[in-house]
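Structure at a glance
The primary structure of each chain is shown beneath.
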Amino acid sequence: MTPTTAATSQGAALGVVLQGVPVVPGVAYAPAIRPGRPPAPEDLSAPTELVEADREAEAARFSAAAHAVATRLRDRAAHATGAASEVLGATAQLATDRAWLGAAEKRIGAGTPAVRATTEAVEQFVEMFTKMGGLMAERVTDLRDIRDRVIAELAGLPEPGVPLPDVPSVLCADDLAPADTAGLDPALIIGLATSLGGPTSHTAIIARQLGIPCVVAVTGLDDVAVGSKILLDGTLGTVAVDPDATTAGAAVERARQAAAAMANWSGPGATADGHPVAVLANVQDGAAARAARATPAEGIGLFRTELCFLNAETEPSVEEQARIYGEVLQPFSGHKVVIRTLDAGSDKPLKFAGQPEEANPALGVRGIRVSFGNPAILDNQLAGIAAAAEQTDSQPWVMAPMIATPEEARDFAAKVRAHGLIPGVMIEVPAAALLAARILEHVDFVSIGTNDLAQYTMAADRMSAELATLTDPWQPGVLALVAMTAEAGTAAGKPVGVCGEAAADPLLACVLVGMGITSLSAAAAAVMAVGAKLSTVTLEQCRRAGAAALATASAAEARAAALAALS
Ligand code: PEP
Ligand code: MG
């Protein structure tokens, strides 16, 4: 991810082009703005030690500042919707959390001025949250954001954060606090670039919801001056600084036309020359399935059943499971529905799966492996799925996650067939991709989970923002395993789908089809963009794009090569 000139992808007319990780597709061309800096120490003159008589008033001043910050965040939450509103509400709650307020008040009571007490109390919790890891560690950005807001309030300075520009602008930042991202107005902030963060960060999730083209982990972004004209491409992951205006205008126009074509696409999935490719939806419950039914998705390509039970203390009965699965089968009755058996473990622990504490849970007893020591869990789930199929008169396909060997595929297939269901497995462990031909001897289909396949192929944690460029599904090493699997499917005459995030990227979707992938399953929000893009290219173009991407040595080169082959 070093700054380059864009001769590779769009001609030298784009000048200096910075490379990052694309998160939300779309193109924006506008001046750069930057968020306000948090208050500098010189703005914050304060006595080093409070005299006894001033401490109570200082504590009241601190409490009023924290509550003012929380009220402002709550107001903004009330004016936002969906994930944006939730994030703002959660940050507001954290601003008045008793634990950290108490820690700061205790310090003030001992003579520490409010500004320093705020900083120290927040650092205490930052340290604690960081040690706890996982979701708690992700809240560290929120805590520091609250600290800066409270300190600004105490010092009588403007609230730090995103300025309201007079003209539509591209916001460039180190990283944005979720509260800042959630409050963005997509009419004024038309592009978002950060030098930190990963595709699964809160910033990325909210940008996706707001539909703001977004690129994260951009190297060299710190040197971009406020006011420079930026051409941001959320598909390629590029940030061009002061590009030629005509070239930039043409890129914006192409993106506008693609958006218009997308709005008109109504399925079914096929290339421009009529090669059918099922475009399916990923869901986690009945509500998501009903929402997916309102899109042109032809079916469900991945039902993540474990997400129904994250809060369950005990294993749900077969009847309860049948009811839950039936809710997903019902809206797509008569259509393809692929149900994945429980992918418990790693970042999705299930209380009733009885999993041990493990040093490396992503490499531990996860997915199908849970059933090795507890076969009843799988047997009960298959009984629940079979009952749901009967009640809804459906013929679901059933696949197992984390299959590593042909024997595992064989044993799973036998159990699934015994319940009268259609067996398949996920290909998300590199060994399974390498032996896809032997796995396909036992099952009727496979579906590639590119999220985990990238994690395990690149030896890079999919949750790590720092390693986001390695877990990019455009990595040629990952693409090579996808191509091997697709070839094995073609040779066996059996379907090979992709249900990881790769299938949600319209450009990558074309590459996958060119490799021989027969179905693409993505979040319902991505279905239109994928289907529309596919309808504009021929199978031959997809094949050329697939071959071109496979011949490269980096994710950025693979994207550029595919783009060139498809245009
Ligand atoms: C994947 O790994 O790509 C996948 C689809 O499964 P999950 O994201 O649920 O692990
Ligand atoms: Mg997976």
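Our subject is the structure that appears above.
For the structure given in this document, a descriptive report is provided here.

Rules used throughout
- Residues numbered from 1 in each chain as written.
- Chains lettered and ligands numbered in written order.
- Predicted model: local features only at pLDDT ≥ 70, side-chain atom pairs only at ≥ 80, totals over all residues.
- Heavy atoms only, no water.
- Helix = DSSP H or I, 4+ residues; strand = E, 2+ residues; numbered from the N terminus.
- Rg over C-alpha atoms; globule rule 2.2 N^0.38 Å.
- Buried < 20%, exposed > 50% of the residue type's maximum accessible area, 1.4 Å probe, protein only.
- Contact = heavy atoms within 4.5 Å.
- Areas by Shrake-Rupley, 256 points an atom, 1.4 Å probe, with all protein chains shown as cover.
- Lys, Arg positive; Asp, Glu negative; His and termini not counted.
- Charge placed at Lys NZ, Arg CZ, Asp CG, Glu CD.
- Core = buried A, V, L, I, M, F, W, Y, C linked by side-chain atoms within 4.5 Å.
- Donors = N, O, S within 2.8 Å, 3.2 Å for Na, K, Ca; no water.
- Near = heavy atom within 4 Å.
- Polar contact = N/O pair within 3.5 Å; in protein donor to acceptor, adjacent residues only side chain to side chain.
- Nonpolar A, V, L, I, M, F, W, Y, C, P; charged D, E, K, R; others polar.
- Disulfide = S-S within 2.5 Å.
- Phe/Tyr/Trp six-rings, centres within 6.5 Å; stacked < 30°, edge-to-face > 60°.
- Pairing = 2+ DSSP bridges.
- Axes fitted to C-alpha atoms, helices over the stretch in contact; angles between N-to-C directions.
- Right-handed = clockwise from strand over helix to strand, strands pointing away.

Turning our attention to the overall build of the protein chain. Helix and strand counts for the protein chain come out as 22 helices and 17 strands. Taken over C-alpha atoms, the radius of gyration comes to 25 Å for the protein chain, in line with the 24 Å a tight globule of 567 residues would show. Buried positions account for 51% of the 567 residues belonging to the protein chain. Nonlocal contacts in the protein chain, meaning residues at least 24 apart in sequence, comprise 67% of its contacts between residues at least 6 apart. Roughly 23,300 Å² of accessible area belongs to the protein chain as shown, and the carbon and sulfur atoms make up 56% of that amount. Counting 40 positive and 62 negative side-chain charges, the protein chain places the averaged centre of each group 2 Å from the other.

If you look at the biggest cluster of nonpolar residues, it comprises 92 residues, and the most contacted ones within it are V425, I439, W474, I517 and L520. In terms of residue count, helix 19 (residues 506-515) provides more of this core than any other element does, 8 residues in total. Excluding anything up to four places from it in sequence, I517 contacts V277, I448, V482, A486, V496, G497, V498 and L512. Formed by 35 residues, the second largest nonpolar core is a distinct cluster that contains V87, L94, A117 and V150.

Glancing now at the side chain of S519. Note on placement: S519 falls in strand 17 (residues 519-523). Judged by relative accessible area, which is 7%, S519 ranks as buried. When residues no more than four places from it in sequence are discounted, the contact partners of S519 are V277, A278, L280, K336, V496, G497 and V498.

What follows deals with the coordination of the magnesium ion (ligand 2). Taken together, E428 (OE) and D452 (OD) make up the full set of protein donors to the magnesium ion (ligand 2), lying 2.1 to 2.2 Å away. Here the residue E428 occupies a position in the loop between strand 14 (422-427) and helix 15 (430-434), and D452 occupies one in helix 17 (residues 450-458), the gap between them amounting to 24 residues. Owing to a relative accessible area of 2%, D452 belongs among the buried residues under this scheme.

Taken together, 15 residues surround ligand 1, and among them R304, R340, G449, N451 and R462 come closest. In this structure, R304 approaches ligand 1 through a side-chain N or O atom, which is 2.7 Å from an oxygen atom. In this structure, an oxygen atom belonging to ligand 1 sits 2.8 Å away from a side-chain N or O atom of R462. Bound to the protein, ligand 1 loses 99% of the 290 Å² it would expose on its own. Broken down by secondary-structure element, the contributors of at least two residues to the shell around ligand 1 are strand 11 (299-304) and helix 17. Per-element tally for the shell around ligand 1: the top contributor is helix 17, with 3 residues. Its residues placed into classes, the shell around ligand 1 shows 3 nonpolar, 4 polar and 8 charged.

Locating T305 in the fold gives a position in the loop between strand 11 and helix 11 (318-329). A polar side-chain atom of T305 sits 2.7 Å from the main-chain carbonyl oxygen of R340. The residues touching T305, leaving out its near neighbours within four places in the chain, are Y325, I339, R340, T341, L342 and Q381.

The full count for this structure, using the stated rule, is 0 disulfides. Note on C214: no disulfide assigned, nearest cysteine sulfur contributed by C172 at a separation of 11 Å. Overall, the relative accessible area of 0% leaves C214 in the buried class. Its sulfur unpaired, C542 is 4.7 Å from the next cysteine sulfur, which belongs to C510. Judged by relative accessible area, which is 0%, C542 ranks as buried.

What follows deals with the packing of aromatic side chains. By the definition in use, this model includes 6 aromatic pairs. When the ring of F125 is compared with that of F129, the centres are 6.4 Å apart and the planes differ by 90°; the resulting orientation is edge-to-face. In this pair, F125 and F129 both sit in helix 4 (residues 114-132), 4 residues apart, roughly one turn of the helix. By relative accessible area, which is 10% here, F129 ends up buried. When the centroid spacing of 6.3 Å and the interplanar angle of 75° are considered together, the rings of F309 and F352 count as edge-to-face. Here F309 is found in the loop between strand 11 and helix 11, whereas its partner F352 is found in the loop between strand 12 (336-340) and helix 12 (370-373), with 43 residues between them in sequence.

Bringing the environment of I385 into the picture now. Among the secondary structure elements, I385 is positioned in helix 13 (residues 375-392). We classify I385 as buried; its relative accessible area is 0%. Separated by 64 residues in the primary sequence, I385 and Q321 have C-alpha atoms spaced 7.3 Å apart. Beyond its immediate chain neighbours, meaning those up to four positions away, I385 contacts Y325, I339, P396, V398 and L421.

What follows covers the sheet that holds strand 10 (residues 278-283). Taken together, 8 strands build a closed barrel; the order of strands is 10-11-12-13-14-15-16-17 and the barrel is parallel. When strand polarity is set aside, the average angle formed by the axes of neighbouring strands in this sheet is 25°. As judged from the 3 bridges shared by strand 12 and strand 13 (residues 397-400), these two strands associate in the parallel manner. By the bridge assignment for strand 13, V338 is matched with W397.

Let us look at the pairing of strand 11. Counted residue by residue, strand 11 has 6 buried out of 6 residues, so it is predominantly covered. Direction of pairing for strand 10 relative to strand 11: parallel, over a ladder of 3 bridges. Pairing of V283 across the sheet is with F303, part of strand 11. Traced from strand 10 through helix 10 (residues 286-293) to strand 11, the parallel crossover comes out right-handed.

Another point: unusual backbone geometry. That bond from G267 to P268 is cis: its omega, -5°, falls within 30 degrees of zero. Looking at the element boundaries, P268 is found in the loop between helix 9 (245-264) and strand 10. The phi torsion at A217 lies on the positive side, around 55°, for a residue other than glycine. Positionally, A217 belongs in the loop between strand 7 (214-216) and strand 8 (229-233). One non-glycine residue, A459, lies in the positive phi region at around 50°. Looking at the element boundaries, A459 is found in the loop between helix 17 and helix 18 (476-492).

Scope: geometric values only; no functional claims are made or implied.
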